[in-house]
Amino acid sequence: MKKKPWGGRFSKETDKTVEAFTASVHFDKRLAPYDIEGSIAHCRMLARQKIIPAADAKKILRGLRSIAREIAEGTFPFRPELEDIHMNIERRLIEKIGDVGGRLHTARSRNDQVALDTRLYLRDAIEGIDGLLKELILILLDKAKAEEGVIMPGFTHLQIAQPVLLAHHLLAYCEMFQRDRERLAECAKRVNRLPLGSGALAGTPFPIDRDFVAAELGFDGLTENSMDAVSDRDYLVEFFTAASLIMMHLSRFSEELILWSSEPFAFVEMGDDYATGSSIMPQKKNPDVPELVRGKTGRVYGHLMAMLTNLKGLPLTYNRDLQEDKEPLFDTVDTVVGSLTVFCGMIESLTIRRERMENAAAKGFSTATDLADYLVRKGLPFRTAHEVTGKIVRFCMESDRDLASLSLDEMKTFHPSIEKDIYGVLTPKASVDARDVPGGTAPVRVKKRLAVLRRKVVRGFRGRRSG
Ligand code: ARG
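Residues numbered from 1 in each chain as written. Predicted model: local features only at pLDDT ≥ 70, side-chain atom pairs only at ≥ 80, totals over all residues. Heavy atoms only, no water.

Colleague: How should the overall build of the protein be read in this particular structure?
Modeller: Summing up its helical and strand segments, the protein has 18 helices and six strands in all. Each of the 467 residues in the protein was classed as buried or not, and the buried ones make up 49%. A separation threshold of at least 6 residues defines the contact pool for the protein, and within that pool the share at least 24 residues apart is 75%. A total of about 22,600 Å² of accessible surface is found on the protein, and carbon and sulfur atoms cover 54% of it. (Helix = DSSP H or I, 4+ residues; strand = E, 2+ residues; numbered from the N terminus. Buried < 20%, exposed > 50% of the residue type's maximum accessible area, 1.4 Å probe, protein only. Contact = heavy atoms within 4.5 Å. Areas by Shrake-Rupley, 256 points an atom, 1.4 Å probe, with all protein chains shown as cover.)

Here is the structure:
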């Protein structure tokens, strides 16, 4: 058999360095199950449309299924000299069933074939990532429920700002991850179009039935321009964008967990099964998991930039540059899946140190805004109330006291309208209770939002937990 499937017009063998340089099978073999799935649908269509004889189609289908088994069992002979997964599978088919295997590639090109394979792969990957996001949200909602009522300091500039519910903080991430799911769903709409039938670039002269293939493979519709379909990868850029935002959210959360588990904060303790030790310092328990999630964020951003750069200035239609889309794609999926998986377990095994959070929530004059708001209710313009409160804070700082420890007489020296009822507003509990607005941290609001989010997420849930 000829060495190259395309060797007809060549008189010299490919240089070894070129062979090694152009080969992609060592990574695009991950597309094998999708390549076979696509070929099965294509073959059925060719027979239905009488483009190839039914008996030949039967042999091809049988051959493809036995190749699928070889791949699943790890016995398939991957050959780099056959470049990519598409030609590896085609050559194996011909070895198994003879020349009739050569009919499979009728009305098809590797250009529409590879576009099909990456779309099928990505469709599955998006579903898997969405399932993990759902799972993480549910774990966070459970945690928020279990720690209902726990108050912690909310920060701005990493300085204690105002008390908030821990549940409110956790739900902030649920909102982010829910938006990440919306972005993935939006991307999936454009991924889920059948490019097969575009041929090399211009379509095909055979009487194919693209709608049949689309239905067989569960696509929502067809790509509408063959030149666009074989050269476009903007759906990958969209996916890398969505993935970058997921990693960005995980990275912010990671950073907080790293801070929170450090001794000066001591707000949380990582489970022993999710932390690591030091080879020299026996006392250490390190948050390596969130550090690695934070660290891996950069590679996903890098893949987004690589893909944008790959496509920039690329003339229509297919160019071999496009083969460079796969490693970033696989690595992005692996990184996001790996990070989300480990994150779910890490959050589940996290211990919340409630008193540490609540003690910190009462520090740093966290209820100073409540004092100013109190003065506003007594009739002062907010700016004046701010000024008066600032003076009280300064007085406390100089005498190393906190707001609630001042006597009423001491307070009154700053403003006569301060009454006994001031002590009811200076606690962290009163502070969070008061923020009873849509989106605020008041316990009633947080409880309601938690229930709404749970309903949203549970609807249509197909993650690991659904059993
Ligand atoms: N391995 C190629 C890729 O990943 C498949 C398409 C090759 N087509 C071609 N005409 N060289 O893009």
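Colleague: Would you mind showing me how to read the environment of F239 here?
Modeller: Inspection of the secondary structure assignment puts F239 in helix α10 (residues 234-260). Note: C-alpha distance between F239 and T384 (145 residues apart in sequence) is 50 Å. Contact partners of F239, with chain neighbours within four places excluded, come to L122, I126, I129, L184, C187, L329, T332 and V333.

Colleague: Looking at this model, I keep getting lost on the site of the ligand. Mind explaining?
Modeller: Within the structure, the ligand sits among S24, D84, H86, R110, N111, V114, Y318, R320, Q323 and K326. Contact between the ligand and D84: a nitrogen atom at 2.9 Å from a side-chain N or O atom of the residue. K326 has a polar side-chain atom sitting 2.5 Å from an oxygen atom of the ligand. For the ligand, whose free accessible area comes to 340 Å², the fraction covered by protein is 87%. With three residues, helix α6 (residues 110-146) is the single largest residue contributor to the shell around the ligand. For the shell around the ligand, the residue count by class is two nonpolar, four polar and four charged. (Near = heavy atom within 4 Å. Polar contact = N/O pair within 3.5 Å; in protein donor to acceptor, adjacent residues only side chain to side chain. Nonpolar A, V, L, I, M, F, W, Y, C, P; charged D, E, K, R; others polar.)

Colleague: Where do I start with the pattern of salt bridges in this structure?
Modeller: Two side chains with opposite charge may pair up if their charged atoms get near one another. With the rule as written, the count across this model stands at 39 salt bridges. For E410, the salt bridge goes to R401, with nearest N and O atoms at 2.8 Å. Relative accessible area serves as the criterion here: at 23%, E410 is assigned to the partly exposed category. One network of salt bridges, with partners in common, ties together E70, R79, R92, E95 and K96. (Salt bridge = Lys/Arg side-chain N within 4 Å of Asp/Glu carboxyl O.)

Colleague: Whenever I open this one, the environment of K96 confuses me. Can you help?
Modeller: With respect to the helices, strands and loops of the structure, K96 is situated in helix α5 (residues 85-97). The exposure class assigned to K96 is partly exposed, which follows from its relative accessible area of 34%. Linking K96 and L426, residues 330 residues apart in sequence, is a C-alpha distance of 81 Å. Apart from the residues lying within four places of it in its own chain, the contact partners of K96 are G63, S66, I67 and E70.

Colleague: It is not clear to me how unusual backbone geometry should be interpreted in this structure. Could you clarify?
Modeller: Most peptide bonds take the trans form, and the phi angle of most residues other than glycine is negative. Residues L316 and T317 are joined by a peptide bond in cis, for which omega reads 0 degrees. Mapped onto the secondary structure, T317 falls in the loop between α11 (288-311) and α12 (326-348). In this model, D400 sits at a positive phi of 55 degrees, which is unusual for a non-glycine residue. Counting through the fold element by element, D400 comes out in the loop between α15 (382-398) and α16 (408-412). Residue D400 is classed as exposed on the basis of its relative accessible area, which comes to 71%.

Purely geometric numbers; function is a separate question.
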